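One letter stands for each residue in the lines below.
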Amino acid sequence: MSAELDNSDVFIVIPAYNEGPAISDVVRDVRVGYPNVVVVDDGSQDETYERARAATPFVLRHSLNRGQGAAIQTGIEFALRQGAQIIVTFDADGQHRVEDIAVMIAPIRAGACEITLGSRFLGSVENLPLTRRLTLRLAVWFTRLVNGMPLTDAHNGFRAFSRKAAAHIQITLDRMAHASELIDQIRRSGLAWREAPVRIRYTDYSLSKGQSSTAALRIVFHYLVGRVSR
Amino acid sequence: MNVFQWVLVIVFATLLLASGRATLRGTIHRAQGVLWSLLWLVAIMASIYPNLTSRVARQVGIDRGASLVLYCVAVAGMVGFWMIYIRLRRVRREVTLLVRHIALLEADREIGGGAQSGAAALHGKLGGARPAKADE
């Protein structure tokens, strides 16, 4: 299929909240190889929407801030409506590398799996602060225990879905707990998944926007309540 | 009866009238309205005859009537808090569904394309949340 050659069947979904400074460059870099970039502005108060609009025609806007999980779900639904065959979630702050997108979608194109999960621990990490590393290790352990999924990286926004897998997913936990919910759904769906090595770049900019380690506890709490009250 | 008892009786009597009226008008479910009214009645009785609480307390093995009242209020408070929390989560969910629908609708208008759009999609999406009950 010719769509595979120019990657026009691939939609890159980028949830963004107050990423005015970085968003244009990130979108432009991605568009070089992948023409369909969907930015979901999650109620930003800065010029995220305008900057994104200038870089890609596919920009959606949440009138209220609902959280990264909600933004991703909105982007996925939009991409499906546009006929996407592969959907990739990608960070807006420049932590992810465009080169890694090919690594992520290759197994899906080959039919080896329906979902590819990026893992920084399979790949390499630049400038990962110790506290962040420990928190992530804890998240992996928690994920194995509660979700029963042997992942090496439990909290990575870099994910790729086949159309079938994307249609199956329904993120209901809006904020950061959506990552655990997603893993739950993947396990329960029985869909084939793989991890792929990706490189995460921690810059001063992205670190300042990241989650604090105490936020991790809140995420765990919200996720567990979500499981109990379903 | 002392002043404090009078204040309690007036407060609970007002609440009794309010819940009674809401039940008759159908503003709240019959069963819920009856239960609340019963609660306020019991509260009025306990205010006029404080020894009632002592007698009930001793029946269930608690020292003092005041302790019994305290425990009941504490338990009711915790249960009530949890129910409000759960309801709040559901409201948040509904808001997100609405915000998403608006975002997709606007995108449809500006970008176009896509097989499913418009009001028809709204009913499907929002119907996914549980339907509202009379008292919400």
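**Overview of the confidence of the model for chain A**
- With 93% of its residues at a pLDDT of 70 or more, chain A has an overall mean of 88.
- Averaged pLDDT values over the elements of chain A bottom out at 66 in strand S6 (residues 125-126) of chain A and peak at 98 in strand S4 (residues 86-89) of chain A.

**Focus: the layout of surface pockets**
Residue and element names in this part refer to chain B.
- Size it by volume and the second largest pocket reaches roughly 1100 Å³.
- Residue assignment for the lining of the second largest pocket shows that the elements contributing at least two residues are helix H1 (3-25), helix H2 (30-48), helix H3 (51-59) and helix H4 (65-111).
- In the lining of the second largest pocket, the residues fall into 23 nonpolar, 7 polar and 3 charged.

**Considering helix H5 (residues 99-109) of chain A**
Residue and element names in this part refer to chain A.
- What H5 keeps buried is the set Asp100, Ile101, Met104, Ile105, Pro107 and Ile108. In an axial view of H5, the angular spread of the buried residues amounts to 150°, which keeps them on one side of the axis.
- One or two positions beyond H5, positive phi appears at Gly111, with a value near 80°.

**Structural notes on the pattern of salt bridges**
Residue and element names in this part refer to chain A.
- Applying the stated criterion to the full structure yields 12 salt bridges over all chains.
- The salt bridge involving Lys164 is made with Glu114; its shortest N-O contact spans 3.9 Å. Residue Lys164 is found in helix H7 (residues 163-168), and its partner Glu114 is found in the loop between H5 and strand S5 (115-119); the two are separated by 50 residues along the sequence.
- Judged by relative accessible area, which is 57%, Lys164 ranks as exposed.
- Sharing partners across several salt bridges, the network here consists of Asp41, Glu50 and Arg61.

**Side note on the interface of chain A and chain B**
- Chain A puts 28 residues into the contact, and the matching count from chain B is 25 residues.
- At the boundary of chain A with chain B, the tally comes to 2 salt bridges.
- Between A:Arg53 and B:Glu110 there is a salt bridge, and its shortest N-O distance comes to 3.5 Å.
- Viewed at the interface, chain B and chain A are joined by 6 residue pairs in polar contact (both at pLDDT 80 or more).
- Put simply, the parts of the chain that give the side of chain A that touches chain B at least two residues each are helix H3 (48-55), strand S3 (58-61), helix H4 (68-81) and helix H10 (213-228) of chain A.
- Per element, the largest residue contribution to the side of chain A that touches chain B is 6 residues, and it comes from H4(A).
- Classifying every residue of the side of chain A that touches chain B gives 12 nonpolar, 9 polar and 7 charged.

**Looking at the side chain of B:Ser19**
- Counting through the fold element by element, B:Ser19 comes out in helix H1.
- Among residues more than four places away in sequence, those in contact with B:Ser19 are B:Trp36, B:Ser37 and B:Trp40.

**Some points on the sheet that holds S5(A)**
Residue and element names in this part refer to chain A.
- A sheet is described by the order of its strands in space; here 7 strands give the open sequence S3-S2-S1-S4-S7-S5-S8, paired in mixed fashion. In this open sheet, the two edge strands, each paired with only one partner strand, are S3 and strand S8 (193-197). Along the sheet, successive strands turn relative to each other by an average axial angle of 20°, direction set aside.
- Pairing of strand S2 (residues 36-41) with S3, which is carried by 4 bridges, proceeds in the parallel orientation. Its bridge partner being in S3, Val38 is matched across the sheet by Phe58.
- The strands touched by H4 within the sheet are strand S1 (10-16), S2, S3, S4 and strand S7 (159-162), with S1 carrying the most contacts at an inclination of about 155°.

Reading guide: rules and limits
- Residues numbered from 1 in each chain as written.
- Chains lettered and ligands numbered in written order.
- Predicted model: local features only at pLDDT ≥ 70, side-chain atom pairs only at ≥ 80, totals over all residues.
- Heavy atoms only, no water.
- pLDDT = per-residue confidence, 0-100.
- Helix = DSSP H or I, 4+ residues; strand = E, 2+ residues; numbered from the N terminus.
- 1 Å grid on protein atoms, 1.4 Å probe; cavity = no way out; pocket = protein on both sides within 12 Å on 5 of 7 lines; lining within 4 Å.
- Points joined across faces, edges and corners; volume = space filled by probe spheres on them.
- Nonpolar A, V, L, I, M, F, W, Y, C, P; charged D, E, K, R; others polar.
- Buried < 20%, exposed > 50% of the residue type's maximum accessible area, 1.4 Å probe, protein only.
- Arc of directions from axis to C-beta.
- Salt bridge = Lys/Arg side-chain N within 4 Å of Asp/Glu carboxyl O.
- Contact = heavy atoms within 4.5 Å.
- Polar contact = N/O pair within 3.5 Å; in protein donor to acceptor, adjacent residues only side chain to side chain.
- Pairing = 2+ DSSP bridges.
- Axes fitted to C-alpha atoms, helices over the stretch in contact; angles between N-to-C directions.

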